[in-house]
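Fold and contact review
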Amino acid sequence: MAGAEDGPGQQLELDEDEASCCRWGAQHAGARELAALYSPGKRLQEWCSVILCFSLIAHNLVHLLLLARWEHTPLVIVGVGALIADFLSGLVHWGADTWGSVELPIVGKAFIRPFREHHIDPTAITRHDFIETNGDNCLVTLLPLLNMAYKFRTHSPEALEQLYPWECFVFCLIIFGTFTNQIHKWSHTYFGLPRWVTLLQDWHVILPRKHHRIHHVSPHETYFCITTGWLNYPLEKIGFWRRLEDLIQGLTGEKPRADDMKWAQKIK
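My aim in this report is to walk through the structure given alongside it, one point at a time.

Conventions we followed
- Residues numbered from 1 in each chain as written.
- Predicted model: local features only at pLDDT ≥ 70, side-chain atom pairs only at ≥ 80, totals over all residues.
- Heavy atoms only, no water.
- Axes fitted to C-alpha atoms, helices over the stretch in contact; angles between N-to-C directions.
- Helix = DSSP H or I, 4+ residues; strand = E, 2+ residues; numbered from the N terminus.
- Parallel < 35°, antiparallel > 145°, perpendicular 65-115°, else oblique.
- Contact = heavy atoms within 4.5 Å.
- Nonpolar A, V, L, I, M, F, W, Y, C, P; charged D, E, K, R; others polar.
- Phe/Tyr/Trp six-rings, centres within 6.5 Å; stacked < 30°, edge-to-face > 60°.
- Buried < 20%, exposed > 50% of the residue type's maximum accessible area, 1.4 Å probe, protein only.
- Core = buried A, V, L, I, M, F, W, Y, C linked by side-chain atoms within 4.5 Å.

The geometry of helix α5 (residues 76-98) relative to helix α6 (residues 107-120) is characterised by a closest axis approach of 9 Å and an angle of 80° between their N-to-C directions. Here α5 is positioned roughly perpendicular relative to α6, judged by the angle of their axes. Together, His93, Ala96 and Asp97 of α5 and Ile112, Phe115, Arg116 and His119 of α6 make up the contact between the two elements. For the contact of α5 with α6, a count of residues per class yields three nonpolar, two polar and two charged.

Okay, here's the thing in structure tokens:
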């Protein structure tokens, strides 16, 4: 009698299951379309950004080491740098997740597209190479790195000694900012990570894998900080992102995550 029980209800169940299995991942129609928008021009920008960024990091690090004085570099500099980098990562992540559209000129395909792809295919980032993973973050940190390099070339040794604690703080902030998306990638990688990375995750020095899962519960409206994740809980407790969204929606009439939902619903 099993055949007699197979009716419209069971067929509907099967259809829902099929739709569910296509909801997320590389097979999702929206994910395939978004991945195809990754252009050669974007790739070139990422290559240039990474080369320039790491050249400047090496240049500035050498100068910082030459000027190093232990009394100028308390560990609190690293902690504060990580904290501010975490907040900035959350602000950028929240902004790109919540507002804007892939159709926007220039920034849409270049910078908003990866955020849309990531929500419907969270493991795509684990298939990105070092250049694609870190290119945009390297672009963002170029200006402060150039400013620091300019100071090392033009300021007197006395002036640099006075500025040294500040430049150490800025450098720590830049390092955390540059590697934020690499840290984010590691939070989605469950096999083959180096032991030192998993230890840093377990000690919550960088974003832990289990912690970041909270953000990937639809509709992706919380836990946006992706460098260390230290600020996610306190910001959620005070409703920081929701209050900011309510303010912007009230002023502009734009609905948060409307473009994100549009791409998520492309299941065929």
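Quick look at the packing of aromatic side chains now. For any pair of aromatic rings, the description rests on two quantities: the centre-to-centre distance and the angle between the ring planes. As enumerated under the stated definition, the model contains 10 aromatic pairs in all. A ring pair is formed by Trp166 and Phe169, whose centres lie 5.3 Å apart and whose planes are at 45°; its orientation type is tilted. Residue Trp166 and its partner Phe169 are both found in helix α8 (residues 157-178); the two are separated by three residues, about one turn of the helix. A residue is classified by how much of its surface remains accessible, and Trp166, at 49% relative accessible area, is partly exposed. Judged by relative accessible area, Phe169 falls into the buried class, the value being 13%.

The geometry of helix α7 (residues 130-154) relative to α8 is characterised by a closest axis approach of 10 Å and an angle of 170° between their N-to-C directions. Taken together, the axes of α7 and α8 lie roughly antiparallel to each other. Counting all contacts with α7, which are made through Asn134, Asn137, Cys138, Thr141, Pro144, Leu145, Met148, Lys151 and Phe152, the residues of α8 involved are Leu160, Leu163, Trp166, Glu167, Val170, Phe171, Ile174, Gly177 and Thr178. Partitioning the contact of α7 with α8 into residue classes produces 11 nonpolar, five polar and two charged.

The next point concerns the nonpolar core. Nonpolar side chains tend toward joint burial in soluble globular proteins. Counting 21 residues, the largest nonpolar core has Cys53, Leu64, Leu145 and Met148 as its most contacted members. Elements with a minimum of two residues in this core: α4 (40-66), α7 and α8. The leading source of residues in this core is α8, at eight residues. When near neighbours in sequence (up to four residues on either side) are disregarded, Cys53 contacts Cys138, Thr141, Leu142, Leu145 and Thr178.

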